[in-house]
Structures are given as C-alpha cells and as structure tokens.
Amino acid sequence: AQKITQTQPGMFVQEKEAVTLDCTYDTSDQSYGLFWYKQPSSGEMIFLIYQGSYDEQNATEGRYSLNFQKARKSANLVISASQLGDSAMYFCAMREGYALNFGKGTSLLVTP
Amino acid sequence: AAGVIQSPRHLIKEKRETATLKCYPIPRHDTVYWYQQGPGQDPQFLISFYEKMQSDKGSIPDRFSAQQFSDYHSELNMSSLELGDSALYFCASSLVNLAGGILITDTQYFGPGTRLTVL
C-alpha cells in the first residue's frame, strides 16, 4: 500500500514570506499522481496543485509550486508571498487506483 | 464554474437511526467518490463509482451503502448510526481518462461536505 508522510504538524510563516510544506511518499508504482489540497477552518477541501510521476517539470499554479524530487520520493509544496488567507490545513495525497490516500496534514498559520 | 453539490450540509441524528447523504457531481464528470473525515483526521476513502458501477471500495462499514444514479448523482446511505460515525463526509468528482489502455482518474474536486453529528 502507498503511504504519505507529512512530518510537520504545524508551521508558522510571516505574511509575504515563502514557506515549504514537506511531503514524502512511498510507492512501488512507476506511474502515480501527487496532489495537494487546502482545508480552511470552514472545512472545504480545495485542490491546489498536481504532479504526475512522469512530468519532467515541477508543477506551478500561481503562488503554489511543487518541488518534486522523484529519487528522494518527496513532493514539497512551496507557497510564495504568503497571505493571511493561506492559514489552513494542507494535505498531501497520492492516487491509488480510484482512491486518494492522504497524509496527516500540516497546519499553517500566517502571521501579520 | 459549477462545483460539486452536497446535501444536506448539516445533519443531526440519534444512534441507530439512518441517514442519506446526496452528492451532485460537476457536470460531465463520470466518477464520484465518498470520503469520511473524523475530527482532527485526514479524509478516509470509502467508495467510488465510475459510470454508475462501483469502481473501488475502501474502509466503508457494512452498515453503509452507496450508489450512483443514471444522472450521475450519488447517495450514501448510512444505517444503524453509531456515535463514531460523527464526521465530515465529502463527495468528490472527477473525469476518468484512458491512457495507454489504463483508466487514470483525473483530479478529484471536493464538495463542501456534509457534517453528520450522531447523538
């Protein structure tokens, strides 16, 4: 079975600074997909960014980028120019068949 | 853009009662997923449907059942509710792509969730 590990239960970052949220994964599949979702305190799950295992370039979506290091099996999320509205729980997930397997999440707090 | 719709948004039930959660996927999405998220937990996959057929099954209790209808909406039926069923239930939807003869699910977009409280 696949496994996702997020080792940072909580992170702080000052507004306008960049922050990196760590995610490592374990899989024996050659083809896989990695996702990051944001869950604000209101509860919804918001898709942020996707990285396919065969993608040659790191994914980027606006202020979000994914630092994908395949040999190290890591897919860290980088948020640039943090905003107060970025305060939320962030989940890394891997697709296994139809299901998404999630990590335990990292709680990010952006301070003024 | 249209999103996944879930109803009801909040539901309060007594132990041993039944509950039905509804999910309306993004238009043209052919796959529906159900997840359960307990307090302070990550979402756990329950079950999925592709083109109205069950496509995958996770940690769904036998007391729960689900189906996808001809209009692609899905319902999660929960019976003999227990206190431990109190959770946020998400429905997600996606497209499925055929790549090299293999079905690959596209990005899953989540609905706002149904918060179930069992008293």
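Here, the structure is the one placed above.
Cut-offs used in this document
Residues numbered from 1 in each chain as written. Chains lettered and ligands numbered in written order. Predicted model: local features only at pLDDT ≥ 70, side-chain atom pairs only at ≥ 80, totals over all residues. Heavy atoms only, no water. Helix = DSSP H or I, 4+ residues; strand = E, 2+ residues; numbered from the N terminus. Rg over C-alpha atoms; globule rule 2.2 N^0.38 Å. Pairing = 2+ DSSP bridges. Axes fitted to C-alpha atoms, helices over the stretch in contact; angles between N-to-C directions. Core = buried A, V, L, I, M, F, W, Y, C linked by side-chain atoms within 4.5 Å. Buried < 20%, exposed > 50% of the residue type's maximum accessible area, 1.4 Å probe, protein only. Contact = heavy atoms within 4.5 Å. Buried area = accessible area lost by both parts, 1.4 Å probe. Salt bridge = Lys/Arg side-chain N within 4 Å of Asp/Glu carboxyl O. Polar contact = N/O pair within 3.5 Å; in protein donor to acceptor, adjacent residues only side chain to side chain. Phe/Tyr/Trp six-rings, centres within 6.5 Å; stacked < 30°, edge-to-face > 60°. Lys NZ or Arg CZ within 6 Å of the ring centre and 35° of its normal.

Trainee: Go over the overall build of chain B with me, naming the residues and quoting the values.
Mentor: Of the regular secondary structure elements, chain B holds zero helices and 13 strands. Secondary structure elements of chain B occur, N-terminal to C-terminal, as β-β-β-β-β-β-β-β-β-β-β-β-β. Against the globule reference of 14 Å for 119 residues, chain B gives a C-alpha radius of gyration of 14 Å, in line with a compact fold. Oriented by its inertia axes, the alpha-carbon framework of chain B measures out at about 50 × 30 × 30 Å.

Trainee: Could you give an account of the sheet that holds strand β1 (residues 5–7) of chain B, naming the residues involved and the relevant values?
Mentor: Residues and elements named next belong to chain B. Within the open sheet, the four strands sit side by side as β1-β3-β8-β7. Their pairing is antiparallel. Each end of this open sheet is capped by a strand with a single partner; those strands are β1 and β7 (64–68). Taken pair by pair, the neighbouring strands of this sheet meet at an average axis angle of 15°, ignoring direction. Pairing geometry for strand β3 (residues 19–24) and strand β8 (residues 74–78), over five bridges, is antiparallel. Residue pairing in the sheet places alanine 19 in a bridge with methionine 78 of β8.

Trainee: An account of the nonpolar core is requested, with residue identities and associated values reported.
Mentor: Formed by 24 residues in total, the largest nonpolar core has its most connected members in Tyr25(A), Leu34(A), Trp36(A), Ile49(A), Leu77(A) and Tyr90(A). Elements with a minimum of two residues in this core: β3 (19–21), β5 (33–39), β6 (46–52), β8 (64–69), β9 (74–79), β10 (88–96) and β12 (106–111) of chain A. The element that contributes the greatest number of residues to this core is β10(A), accounting for four residues. The residues touching Leu34(A), leaving out its near neighbours within four places in the chain, are Ile4(A), Tyr25(A), Ile49(A), Tyr50(A), Gln51(A), Phe68(A), Ala75(A), Ala93(A) and Met94(A). Counting 22 residues, the second-largest nonpolar core is a separate cluster that includes Cys23(B), Leu76(B), Leu81(B) and Cys91(B).

Trainee: Which residues make up the interface of chain B and chain A, and what values do they have?
Mentor: Residue-level contacts link 23 residues of chain B with 18 residues of chain A. For the chain B and chain A pair, buried surface summed over both sides reaches about 1600 Å², with 58% attributable to carbon and sulfur atoms. For the chain B face of the interface with chain A, the top three residues by lost area are Asp42(B), Thr105(B) and Phe110(B), together amounting to 29%. Across the contact surface, chain B and chain A share one salt bridge. The residue Lys104(A) makes a salt bridge to Asp42(B) at a minimum N-O spacing of 3.2 Å. Our count for the chain B to chain A interface comes out at six residue pairs in polar contact (both at pLDDT 80 or more). Secondary-structure elements contributing two or more residues to the side of chain B that touches chain A are β4 (31–37), β5 (44–50), β6 (53–57), β9 (87–94), β11 (102–105) and β12 (109–110) of chain B. When residues of the side of chain B that touches chain A are assigned to their parent elements, the largest contribution, four residues, is made by β4(B).

Trainee: Which residues make up the packing of aromatic side chains, and what values go with them?
Mentor: Tallying each qualifying case throughout the model produces 16 aromatic pairs over all chains. A ring pair is formed by Phe90(B) and Phe110(B), whose centres lie 5.7 Å apart and whose planes are at 80°; its orientation type is edge-to-face. A residue pair is termed long-range when its members are at least 10 positions apart, and Phe90(B) in strand β9 and Phe110(B) in strand β12 qualify at 20 residues. Judged on exposure class, the residue Phe90(B) and its partner Phe110(B) are both buried. Members of the aromatic cluster, each reached through a chain of ring pairs, are Phe35(A), Tyr37(A), Phe47(A), Tyr50(A), Phe91(A), Phe102(A), Tyr35(B), Phe45(B), Phe90(B), Tyr109(B) and Phe110(B). Cation over ring: Arg63(A) sits above Tyr64(A), and NZ or CZ is 5.7 Å from the ring centre.

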